[in-house]
Number of protein chains: 2
Amino acid sequence: MNNRGILFVLSGPSGSGKGTAIKELMGRRPLKLSVSATTRAPRPGEVDGVQYYFLSKEEFERRIADGEMLEYVNYCGNYYGTPKAPVEESLATGQDVLLEIEVTGAKNIRTLAPEATLLFVIPPSMKELRRRLEGRGTEDAATIERRLSVAKEELRQYGLYDYVVLNDTVESCADQIETIMEAQKRASRYMGQIMERVMEEC
Amino acid sequence: MNNRGILFVLSGPSGSGKGTAIKELMGRRPLKLSVSATTRAPRPGEVDGVQYYFLSKEEFERRIADGEMLEYVNYCGNYYGTPKAPVEESLATGQDVLLEIEVTGAKNIRTLAPEATLLFVIPPSMKELRRRLEGRGTEDAATIERRLSVAKEELRQYGLYDYVVLNDTVESCADQIETIMEAQKRASRYMGQIMERVMEEC
């Protein structure tokens, strides 16, 4: 019998590099990456069930009403969220699930999924974050200042998470996350099934 | 500036092999092993400050009264406990401290040292625990049955600890503890100093 998998929720300010860390991690570990649902239209090349589950507004709202979304946000008039069922199916078969969400969504996840382990990916310094945002070359000075100020506000909320990972290099960041994932397998709150087996046989 | 060290408290039923795991661990990591104080008389070869701090009953009781003990028990008419000051000094200089205590003492440590990380070392199975206790050849059948029954009672309290480590082999046990220690360096509750540095420089 498999032990139940662990739901790892990964979040972090824009520019913290959580996306590249996740890509590195997926090449290393047998993790199931949760696919989000959205009501926005598919872009060319996007496949239903791969980049997103594409749902109508009505269907998304029905799922919210029926408690079928683990978390969701409404951003620029479109819904984005995590369908509960695929996450639950993977966890039940012993598969660990990785869920990437925005910091705004992470605030609610503790209530909605109390059994989840929450990781916060942060840049090694504000200076480095500025360098990364400026390096993209896609945003004007005012936008960068606004992003930095939002990031600083988000960093203040690190206490909401179980672990904080400094993203210095992508390798070191993925190393830290792997270590945390290994350690969490021994967290007492996930040891219920194993403890039952250890105790029952006597 | 060093970050504050972490206090790791290790406990486990008799026969779980925590002593050998600690020996293995001390050879691997720069850990400070906390030395207990006791009112029992030194045995031949025991040196004050090495195996134990040897204190008079009056001095031990004064320390309890003055809040200078992190935890203590009275066992067979003698006090055993952990002096606060040396632990505090090591933590302040950034040194991690390892403290081995009996399961009875571990129940209070959450209140007395809320910042500590608590590890519970357990045998891989009750069958294996029985094998180990019988293998010692030092106890009669009735004593072994009593120890097994105490161990089972202790195992039920695994939820008091942060992590549960299965001691299958000494190497695997030390590996698990090392992984947990590394992960705890990223636990958000220990990240206060680092977060201040990350945020302040912007």
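Note that this is a predicted model, so its numbers are computed, not measured.

**Thoughts on helix H5 (residues 126-136) of chain B**
Residues and elements named next belong to chain B.
- Of the residues making up H5, those classed as buried are Met-126, Glu-128, Leu-129, Arg-132 and Leu-133. Along the long axis of H5, the arc covered by the buried residues comes to 160 degrees, so they all point the same way. More than 90 degrees from the buried face of H5, the exposed residues found are Lys-127, Arg-131 and Gly-135.
- Where H5 terminates, the next one or two residues include Gly-137, which has phi positive at roughly 65 degrees.

**Examining the pattern of salt bridges**
All names here are of chain A.
- Under the defined criterion, the tally for this structure stands at 42 salt bridges over all chains.
- Of the charged contacts in the structure, one is a salt bridge between Glu-128 and Arg-132, with a shortest N-O distance of 2.9 Å. One end of the pair, Glu-128, and the other, Arg-132, are both in helix H5 (residues 126-136), four residues apart, so they sit about a helical turn from each other.
- Here Glu-128 falls in the buried class, since its relative accessible area comes to 19%.
- Taking the shortest distance from any N to any O, the salt bridge between Arg-130 and Glu-134 comes out at 3.7 Å. With Arg-130 and Glu-134 both in helix H5 and four residues apart, this pair spans about one turn of that helix.
- On the accessibility criterion, Glu-134 (44% relative accessible area) is partly exposed.

**A few points about the interface of chain B and chain A**
- With 33 residues of chain B at the contact, the number on the chain A side is 33 residues.
- For the pair chain B and chain A, the summed buried area comes to about 2900 Å², and 70% of that belongs to carbon and sulfur atoms.
- When the buried surface of chain B facing chain A is broken down by residue, Arg-186, Ser-188 and Met-199 of chain B rank first, second and third, together holding 20% of it.
- On the surface where chain B and chain A come into contact, there are zero salt bridges.
- On inspection of chain B and its partner chain A, the count reaches nine residue pairs in polar contact (both at pLDDT 80 or more).
- Counting only elements with at least two residues in the side of chain B that touches chain A, the list comes to H5, helix H6 (141-155), strand E9 (163-166), helix H7 (170-184) and helix H8 (192-200) of chain B.

**What to know about the relation of the copies chain B and chain A**
- With an RMSD of 0.0 Å, the fit of chain B onto chain A corresponds to turning through 180 degrees and sliding 0.0 Å along the axis. The relationship between the two copies is best expressed as a two-fold rotation axis.
- Interface overlap between copies: 100% of the residues of chain B at the interface are likewise at the interface in chain A, consistent with a symmetric, same-surface contact.

**Re the UniProt feature "domain: Guanylate kinase-like" (unreviewed entry) in chain A**
- Annotation from UniProt places "domain: Guanylate kinase-like" (unreviewed entry) at residues 5-182 of chain A.
- Measuring from the first to the last C-alpha atom of residues 5-182 of chain A gives 12 Å, for a span that is 43% helix and 22% strand.

**Here we look at the UniProt feature "binding site: ATP" (unreviewed entry) in chain A**
All names here are of chain A.
- The feature "binding site: ATP" (unreviewed entry), as given by UniProt, occupies Gly-12, Pro-13, Ser-14, Gly-15, Ser-16, Gly-17, Lys-18 and Gly-19 in the numbering adopted here.
- Positionally, Gly-15 belongs in the loop between strand E1 (7-11) and helix H1 (18-26).
- Taking the relative accessible area as the measure of exposure, Gly-15 reaches 12% and is therefore buried.
- Looking at the secondary structure, you find Gly-19 in helix H1.

Reading the values: the criteria
- Residues numbered from 1 in each chain as written.
- Chains lettered and ligands numbered in written order.
- Predicted model: local features only at pLDDT ≥ 70, side-chain atom pairs only at ≥ 80, totals over all residues.
- Heavy atoms only, no water.
- Buried < 20%, exposed > 50% of the residue type's maximum accessible area, 1.4 Å probe, protein only.
- Helix = DSSP H or I, 4+ residues; strand = E, 2+ residues; numbered from the N terminus.
- Arc of directions from axis to C-beta.
- Salt bridge = Lys/Arg side-chain N within 4 Å of Asp/Glu carboxyl O.
- Contact = heavy atoms within 4.5 Å.
- Buried area = accessible area lost by both parts, 1.4 Å probe.
- Polar contact = N/O pair within 3.5 Å; in protein donor to acceptor, adjacent residues only side chain to side chain.
- Least-squares fit on C-alpha atoms with pLDDT ≥ 70 in both.
- UniProt positions renumbered as here; feature names shortened; annotations may be inferred.

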